[in-house]
Amino acid sequence: SYSLYIGHCFSIMKTLYVIRHAKSSWDDPFLDDIDRPLNNRGRKDAPRMGQRLKEREIHADLLLSSPADRALSTCLIIAEKIGYNPQHVHVDRRLYHADEEQILSVVRNFNDANDEVVVFGHNPGLTEFVNRLNASQVTDNIPTCGVVCMKLPVDSWKHVVWEKGQVDFFDFPRKK
């Protein structure tokens, strides 16, 4: 019936995982920011968070990362943990130090065939993006390797708008 069809349309959800890169190294002062690697803590936190995501049984259709070494390394470690083919990871230069508007623009251009997408990037843009997407403040700061899972009540990524997302969970390495 028509009412069932309408009800079905409004039950469609997209899921967006926003992940800040793991802790990075500042050991080499001459290294370009984009080339900074993960430090020891980052190399421990990324697989730990990947394992937590695996335990949540996430089924990502797309992993998209900033080109920064620390973000892409975090992405590849987590991809391996959740069983996502690292060769299918996409890199988007627009995510490197993106503000919340740039991140929204990237999200609105996702292919609608992808229902669960994981984005790896940087603060302060990620924290501002999550807070604006959620309608009320989620956090002052997504810590390194922090994961925010947002449920979005849309059938198309192009319909994602501020204040309509709902936080499903917020996790980070030091959370008990």
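Above this text is the structure in question.
Residues numbered from 1 in each chain as written. Predicted model: local features only at pLDDT ≥ 70, side-chain atom pairs only at ≥ 80, totals over all residues. Heavy atoms only, no water.

1. Digging into unusual backbone geometry
Here comes step 1: With an omega dihedral of 5°, the bond running from Asn123 to Pro124 counts as a cis peptide bond.
Here comes step 2: Looking at the element boundaries, Pro124 is found in the loop between β4 (116-121) and α5 (125-134).
Here comes step 3: Unlike most non-glycine residues, Cys145 shows phi in positive territory, near 65°.
Here comes step 4: Counting through the fold element by element, Cys145 comes out in the loop between α5 and β5 (147-152). (Helix = DSSP H or I, 4+ residues; strand = E, 2+ residues; numbered from the N terminus.)

2. Section: the sheet that holds strand β2 (residues 62-65)
Pairing between the strands of a sheet comes from backbone hydrogen bonds, and it takes one of two forms, parallel or antiparallel.
Here comes step 1: If you trace the six strands from one edge of the open sheet to the other, you get β3-β2-β4-β1-β5-β6, paired in mixed fashion. Lying at the two open borders of the sheet, with one neighbouring strand each, are β3 (90-91) and β6 (166-171).
Here comes step 2: Where β2 lies against β3, two bridges are found, and the strand directions are parallel. Each bridged residue has a counterpart across the sheet, and for Ser65 the counterpart in β3 is Val91.
Here comes step 3: Where helix α3 (residues 69-82) meets the sheet, it contacts β1 (14-20), β2, β3 and β4, and its direction lies at approximately 160° from that of β2. (Pairing = 2+ DSSP bridges. Contact = heavy atoms within 4.5 Å. Axes fitted to C-alpha atoms, helices over the stretch in contact; angles between N-to-C directions.)

3. What to know about the nonpolar core
Here comes step 1: Ranked by internal contacts, the top residues of the largest apolar core, which has 48 residues, are Leu16, Leu53, Leu63, Phe110 and Phe129.
Here comes step 2: Here this core gets five residues from one element, more than from any other, and that element is β5.
Here comes step 3: Setting aside anything within four residues of it in sequence, one finds Leu16 in contact with Val107, Phe110, Val117, Val119, Phe129, Leu133, Val148, Cys149, Met150, Leu152 and Trp157. (Core = buried A, V, L, I, M, F, W, Y, C linked by side-chain atoms within 4.5 Å. Buried < 20%, exposed > 50% of the residue type's maximum accessible area, 1.4 Å probe, protein only.)

4. Details of the side chain of His122
Here comes step 1: Here His122 lies in the loop between β4 and α5.
Here comes step 2: At 2.7 Å, the side chain of His122 forms a polar contact with the side chain of Ser66.
Here comes step 3: With near-sequence residues (within four places) excluded, His122 lies in contact with His21, Ser66, Ala68, Arg70, Ala71, Leu95, Tyr96 and His97. (Polar contact = N/O pair within 3.5 Å; in protein donor to acceptor, adjacent residues only side chain to side chain.)

5. Structural notes on the pattern of salt bridges
Here comes step 1: One pass over the full model with this rule turns up nine salt bridges.
Here comes step 2: Between Arg41 and Asp45 there is a salt bridge; the shortest N-O distance is 3.4 Å. Taken together, the residues Arg41 and Asp45, both in helix α2 (residues 40-55) and four residues apart, mark about one turn of the helix.
Here comes step 3: Owing to a relative accessible area of 4%, Asp45 belongs among the buried residues under this scheme.
Here comes step 4: Asp45 is the partner of Arg48 in a salt bridge, and the nearest nitrogen-oxygen pair spans 3.0 Å. Taken together, the positions of Arg48 and Asp45, both in helix α2 and three residues apart, correspond to about one turn of that helix.
Here comes step 5: Look at Arg48 and you get partly exposed, because its relative accessible area is 37%.
Here comes step 6: Beyond isolated ion pairs, a larger network of salt bridges with shared partners links Asp33, Arg36 and Arg70. (Salt bridge = Lys/Arg side-chain N within 4 Å of Asp/Glu carboxyl O.)

6. Here we look at the side chain of Lys14
Here comes step 1: Structurally, the position occupied by Lys14 is in strand β1.
Here comes step 2: By relative accessible area, Lys14 is classed as buried at 2%.
Here comes step 3: A distance of 2.7 Å separates a polar atom in the side chain of Lys14 from the backbone oxygen of Asp112.
Here comes step 4: Polar side-chain contacts of Lys14 include one of 2.7 Å to the side chain of Asp115.

7. With respect to the environment of Pro67
Here comes step 1: Relative to the helices and strands, Pro67 resides in the loop between β2 and α3.
Here comes step 2: A residue is classified by how much of its surface remains accessible, and Pro67, at 18% relative accessible area, is buried.
Here comes step 3: In this structure the C-alpha to C-alpha distance between Pro67 and Lys23, which are 44 residues apart in sequence, comes to 16 Å.
Here comes step 4: When neighbours within four sequence positions are excluded, Pro67 is seen to be in contact with Ile34, Val91, Asp92, Arg93 and Tyr96.

Remember, this is a structural readout, not a statement about activity or role.
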